[in-house]
Amino acid sequence: MDTVTLQSSRIVSGMRPTGRLHLGHYHGVLKNWIKLQHEFDCFFFVADWHALTTHYDDSGVIEESVWEMVTDWLAAGIEPSAVSLFLQSKVPEHAELHLLLSMITPLSWLERVPTYKDQQEKLKEKDLSTYGFLGYPLLQSADILTYRAGQVPVGEDQVVHVELTREVARRFNHIYGRERDFEERAEAAIKKMGKKNVKLYNQLRKAYQEQGDTEALDTARALLKEQQNLTIGDAERLFGFLEGGGKVILPEPKALLTSAAKMPGLDGQKMSKSYGNTITLREPEDSLAEKIKKMPTDTNRVRRTDPGNPDLCPVWQLHEIYATEDQKQWVQEGCRTAGIGCLDCKGPLIDAVAAELKPIRERADDLSEHPEVVRRIIEDGNEAAREVARDTLEEVRSAMGLSYK
Ligand code: TRP
Ligand code: SF4
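(A) Spotlight on the packing of helix H15 (residues 314-322) against helix H16 (residues 325-336). Relative orientation of the contacting elements H15 and H16 amounts to 160 degrees, with a least axis distance of 9 Å. Judged by the angle between their axes, H15 and H16 are roughly antiparallel. Regarding H15 and H16, the two cross each other, and that crossing is left-handed. Along its contact with H15, which presents Trp316, His319, Glu320 and Tyr322, the element H16 presents Gln327, Lys328, Val331 and Gln332. Its residues assigned to classes, the contact of H15 with H16 comprises 3 nonpolar, 3 polar and 2 charged.

Okay, structure coming up:
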């Protein structure tokens, strides 16, 4: 069952600065962020510590990529007035929460996360049997829980990390959410809502706890969210009390799956730097055209006169993303009847990608001339992030018994 999301309108997501951003990042992640930025209270950050877990021995690339990446975010359409953009390593609370959570996280939970073994296999040339790398998903949990985010926009491969986060939060609340006088405090908090709401809250709580009425649970949660005169602590108690548990200090987040299908690269595999099949967000026009012209096509189409099959061709996969309906039909027919050649077929694709990238590249060039603007945006974001982080950590420390003066 879902525990409440106290701050369900808050969204957190991070990206590792390990090289140039490419169309895979744009279609897979950034477009989604851009859509979310006006709908939610978004915190997007550069996960430089996460990059360090795999790039500890060539950290130069991280340093180079940090500002380039933020520049690309802005160039792609992230609006700094709508979201908080920050650097993970500038908000030390992430590290503190990571440490504190490590106390209650069983080793086996981390060893069982599939990305742990998968990545070790995939990046064989690196020694990833480190403490830091094992802790990668827990650091991610700390990133998320620091902001008590309701939702985390991620790709399929990251869902397991959000799941771990939920388990860790649940364990934390279970261990530290039980104040000795919890019931009394909850009862006192209920009274602060005013007569009518007290009655309603108690009815709904009863309906849920005695009859398992989940609609009543939802209604009660909505009621709590509307209350203006409850402190955060009291609200946490009442959310927990509803379900028969203790105080919900760290709400469990949900994964918000990116709907975009995987972005195919130049060779038909998923676009990824490690496959060398990318088009970067700032790809110059001539090299963009060059890369697409060199793309492999249906291997059965040896001569211009051989008919082809788009289903067997990486170029078609990109047409599916970029082409209009008319163009798609033109490709399908032309390919299967050998009516068009592969270079003809690639023409509209080159144009479409170029048109998509032109404004991004131009904005990135502008921003690159004013690095102080980008730095300022990040400084403001760091501040905003720290403010939220400070509050969470204060509560966490106090729940763990670490708030002595
Ligand atoms: N692990 C994520 C990735 O590789 C990046 C990341 C770090 C992240 N911390 C996060 C994503 C917190 C979402 C929330 O894509
Ligand atoms: Fe691929 Fe287009 Fe050539 Fe057909 S015509 S094989 S779809 S590039």
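(B) Quick look at the pattern of salt bridges. For the structure on display, the rule yields 23 salt bridges. One salt bridge in this structure joins Glu121 and Lys124, with 3.5 Å as the shortest N-O distance. By the burial criterion, Glu121 is exposed, and Lys124 matches it. Glu252 is paired through a salt bridge with Arg166; the nearest N and O atoms lie 3.5 Å apart. With Glu252 in the loop between helix H13 (232-242) and strand E5 (254-257) and Arg166 in helix H9 (residues 159-176), this pair connects stretches of sequence that are 86 residues apart. Residue Glu252 is classed as buried on the basis of its relative accessible area of 1%. One continuous salt-bridge network, built from bridges that share partners, spans Arg20, Glu68, Asp72 and Arg282.

(C) Region of the structure containing unusual backbone geometry. Although it is not a glycine, Arg148 adopts a positive phi angle of roughly 45 degrees. For Arg148, a relative accessible area of 4% translates into the label buried. A positive phi angle, close to 60 degrees, is found at Ala338, a residue other than glycine. Here Ala338 is to be found in the loop between H16 and helix H17 (342-368). Residue classification places Ala338 among the buried positions, given a relative accessible area of 15%.

(D) Fine view of the site of ligand 1. In the vicinity of ligand 1, 13 residues are found, and the nearest of them are Arg16, Tyr136, Gln140, Asp143 and Gln158. Interatomic distance of 2.7 Å between a side-chain N/O atom of Tyr136 and a nitrogen atom of ligand 1. Side-chain polar atom of Asp143 to a nitrogen atom of ligand 1: 2.7 Å apart, as the coordinates give it. For ligand 1, whose free accessible area comes to 370 Å², the fraction covered by protein is 88%.

(E) Expanded view of the site of ligand 2. Lining the immediate environment of ligand 2, one finds Thr297, Asp298, Arg301, Cys313, Val315, Val331, Cys335, Cys342 and Cys345. Put simply, the parts of the chain that give the shell around ligand 2 at least two residues each are H16 and H17.

(F) Geometry of the domain arrangement of the protein chain. Here the protein chain is partitioned into domain 1 (6-177 + 256-261 + 370-399), domain 2 (182-243) and domain 3 (282-368). On a C-alpha basis, the centroid separation for the pair domain 2 and domain 3 is 57 Å.

(G) The arrangement of helix H2 (residues 48-55) in detail. Most of H2 is tucked away: 6 of the 8 residues are buried. Within H2, burial applies to Asp48, His50, Ala51, Thr53, Thr54 and His55. Turning to H2, the residues buried within the fold contact strand E2 (41-46), helix H3 (60-76), helix H7 (131-134) and helix H8 (136-146).

(H) Representation of the side chain of His55 in the model. Checked against the element boundaries, His55 lands in helix H2. A relative accessible area of 10% means that His55 is categorised as buried. With residues up to four places along the chain from it excluded, the contact list for His55 reads Arg16, Thr18, Val61, Ile62 and Lys126.

(I) A look at the pairing of strand E1 (residues 10-15). Of all the 6 residues making up E1, 5 are buried; the element is thus mostly covered by neighbouring parts of the structure. Two elements, E1 and E2, share 6 bridges in a ladder whose sense is parallel. Its bridge partner lying in E2, Met15 is registered against Val46. Crossover handedness for the path E1 to helix H1 (residues 23-36) to E2: right-handed.

(J) The arrangement of the nonpolar core in detail. Ranked by size, the top nonpolar core spans 53 residues in total, and within it Leu23, Leu30, Phe44, Trp73, Ile78, Leu85 and Ile292 carry the most contacts. In terms of residue count, the dominant contributor to this core is H17 (9 residues). When residues are assigned to domains, this core turns out to be shared by domain 1 (6-177 + 256-261 + 370-399) and domain 3 (282-368), each giving three or more. With residues up to four places along the chain from it excluded, the contact list for Trp73 reads Met15, Leu21, Leu30, Trp33, Phe44, Phe45, Val46, Ile78 and Leu85. Core analysis: the second largest hydrophobic core is formed by 23 residues, Leu100, Leu134, Tyr136 and Ile249 among them.

Reading the values: rules and limits
- Residues numbered from 1 in each chain as written.
- Chains lettered and ligands numbered in written order.
- Predicted model: local features only at pLDDT ≥ 70, side-chain atom pairs only at ≥ 80, totals over all residues.
- Heavy atoms only, no water.
- Axes fitted to C-alpha atoms, helices over the stretch in contact; angles between N-to-C directions.
- Helix = DSSP H or I, 4+ residues; strand = E, 2+ residues; numbered from the N terminus.
- Parallel < 35°, antiparallel > 145°, perpendicular 65-115°, else oblique.
- Left-handed = near helix turned anticlockwise from the far one by under 90°.
- Contact = heavy atoms within 4.5 Å.
- Nonpolar A, V, L, I, M, F, W, Y, C, P; charged D, E, K, R; others polar.
- Salt bridge = Lys/Arg side-chain N within 4 Å of Asp/Glu carboxyl O.
- Buried < 20%, exposed > 50% of the residue type's maximum accessible area, 1.4 Å probe, protein only.
- Near = heavy atom within 4 Å.
- Polar contact = N/O pair within 3.5 Å; in protein donor to acceptor, adjacent residues only side chain to side chain.
- Areas by Shrake-Rupley, 256 points an atom, 1.4 Å probe, with all protein chains shown as cover.
- Domains from an automatic or database assignment.
- Pairing = 2+ DSSP bridges.
- Right-handed = clockwise from strand over helix to strand, strands pointing away.
- Core = buried A, V, L, I, M, F, W, Y, C linked by side-chain atoms within 4.5 Å.

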